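# A closer look at the structure
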2 protein chains.
Amino acid sequence: MAQNQTAPDATRRSERSRRAIYDAALALVAEVGYPKTTIEGIASRAGVGKQTIYRWWPSKADVLLEAFLDLSDQAAEEAARGQGGTAGQRQYAIPDTGDLAADLKLVLRATVDELRDPAFEAPSRALAAEGVVNEELGRRFVARLLEPQLRLYVDRLRSAQEAGDVRPDIDPRIALELFVSPLAQRWLQHTGPIGYDYTDTLVEYALYGLAPR
Amino acid sequence: MAQNQTAPDATRRSERSRRAIYDAALALVAEVGYPKTTIEGIASRAGVGKQTIYRWWPSKADVLLEAFLDLSDQAAEEAARGQGGTAGQRQYAIPDTGDLAADLKLVLRATVDELRDPAFEAPSRALAAEGVVNEELGRRFVARLLEPQLRLYVDRLRSAQEAGDVRPDIDPRIALELFVSPLAQRWLQHTGPIGYDYTDTLVEYALYGLAPR
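Source: prediction; values computed, not measured. (Residues numbered from 1 in each chain as written. Chains lettered and ligands numbered in written order. Predicted model: local features only at pLDDT ≥ 70, side-chain atom pairs only at ≥ 80, totals over all residues. Heavy atoms only, no water.)

### Some remarks on the interface of chain B and chain A
Each partner contributes residues to the interface: chain B has 48 residues there, and chain A has 47 residues. Here chain B packs against chain A, burying approximately 4500 Å² in sum over the two surfaces, 62% of which is carbon and sulfur. Considering only the surface of chain B that becomes buried against chain A, B:Val132, B:His190 and B:Leu210 emerge as the three largest contributors, covering 17% of it. Summed over the shared surface of chain B and chain A, the result is two salt bridges. The salt bridge partner of A:Arg186 is B:Glu177, with a shortest N-O separation of 2.6 Å. Counting every contact that joins chain B to chain A gives 30 residue pairs in polar contact (both at pLDDT 80 or more). Sorting the residues of the side of chain B that touches chain A by element identifies α7 (118-133), α8 (135-162), α9 (172-175), α10 (177-189) and α11 (196-208) of chain B as the ones contributing at least two each. At 11 residues, α10(B) tops the list of elements feeding residues into the side of chain B that touches chain A. Class assignment of the residues belonging to the side of chain B that touches chain A gives a composition of 26 nonpolar, 10 polar and 12 charged. (Contact = heavy atoms within 4.5 Å. Buried area = accessible area lost by both parts, 1.4 Å probe. Salt bridge = Lys/Arg side-chain N within 4 Å of Asp/Glu carboxyl O. Polar contact = N/O pair within 3.5 Å; in protein donor to acceptor, adjacent residues only side chain to side chain. Helix = DSSP H or I, 4+ residues; strand = E, 2+ residues; numbered from the N terminus. Nonpolar A, V, L, I, M, F, W, Y, C, P; charged D, E, K, R; others polar.)

Put into structure tokens, the structure is as follows:
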């Protein structure tokens, strides 16, 4: 959306402003929470006029949404570099090596790293907290930020169904929650430690079940 | 704790005050959120002096913690009545009929009802949201409110291990998250609808696994 509005006259200077605005928005929401974050506060911290922000985004929710999308792009680029990819390479799919357990464990370990990253943690918590009590905002952020990531699991589980590694009657959108939601709840609600052993265990339990085979 | 402090001189009148204070605390946190809820505000809404509150509880976190424990006692009593029990009967265990899947489905269906109860929803969301950004408060409420409920699943899964219905190498504290956390995340983050079919499906997937048997 922002790209479309600014692409014709995009300049290096406006890119710098945009990045400063994202950084200010993420820092501010982490410090004072969503309700007290204002366009004026973001503008002042970013060193731009508030009209600059209003020209690009209709509301603070929109600024924050794009700031998070940008943050998550950066995390994906870093992950791609870590896996020997190049900086511009987005992670648009979960690897499919033919070993479903190994592929899921790899991606969940990367999620653990991301959840522990301080640049990500404070603003993400502030936004998640607001989403719990503000259903409209919560749904909007889930649709734009979380659901596209969950779709990657749906795709990987579908491919596992085709390979015969997941039962054909399983609904992949529910199935992914068996390993994604426990990690999310531990992180959100501080109900337990998160780590690689833990997410590896979730994958094993989900794939092979709790009942004896 | 409050019981110990007031038991010797507990009167019908102080019980009424206590109930009024709980109701005021839950209503206020639902309306204005945790940060803006104050002892003064609770006292004024409950029609008691703030010294009455300070005599019984050291902080607003303590008032709210006990108000929630009381709310959850009431919900458990109602559930016991619904199951043909009596009003004073607390639900201290998950039923053990020998059919693990049926027992888990029954309890998760009751949890769905509780999550949808308006008396429970608004204050619970306000508190859960604060717990996401306020780790000390979050951990305290999890330890007193959530973890005792999760212990009931641990006990039921241990008994299932003894009966040979759950593999002996499974850690019950992690295993329960496969069906509890997906429901929690859908409720907290509005990531999907909750209902009986959904929780039944979680139990089936968790017990029998996603991989073919």
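### Points about the packing of aromatic side chains
Per the counting criterion, the structure on display carries 10 aromatic pairs over all chains. Between B:Phe68 and B:Phe141 the ring centres are 6.4 Å apart and the planes differ by 90°, which places this aromatic pair in the edge-to-face class. Linking B:Phe68 in helix α5 (residues 60-82) with B:Phe141 in helix α8, this pair joins segments that are 73 residues apart in sequence. In this structure B:Phe141 comes out as buried when scored by relative accessible area, which is 6%. Ring centres 5.7 Å apart and planes at 55° place the aromatic pair B:Tyr153 and B:Phe179 in the tilted group. In this pair, B:Tyr153 sits in helix α8 while B:Phe179 sits in helix α10, placing the two residues 26 residues apart along the sequence. By relative accessible area, B:Tyr153 is classed as buried at 7%. Classification of B:Phe179 by relative accessible area gives buried; the value is 0%. The ring of A:Tyr34 is capped by A:Lys60, whose NZ or CZ atom sits 4.2 Å from the centre of that ring. We note B:Arg18 situated over the ring of B:Trp56; from NZ or CZ to the ring centre the distance is 4.6 Å. (Phe/Tyr/Trp six-rings, centres within 6.5 Å; stacked < 30°, edge-to-face > 60°. Buried < 20%, exposed > 50% of the residue type's maximum accessible area, 1.4 Å probe, protein only. Lys NZ or Arg CZ within 6 Å of the ring centre and 35° of its normal.)

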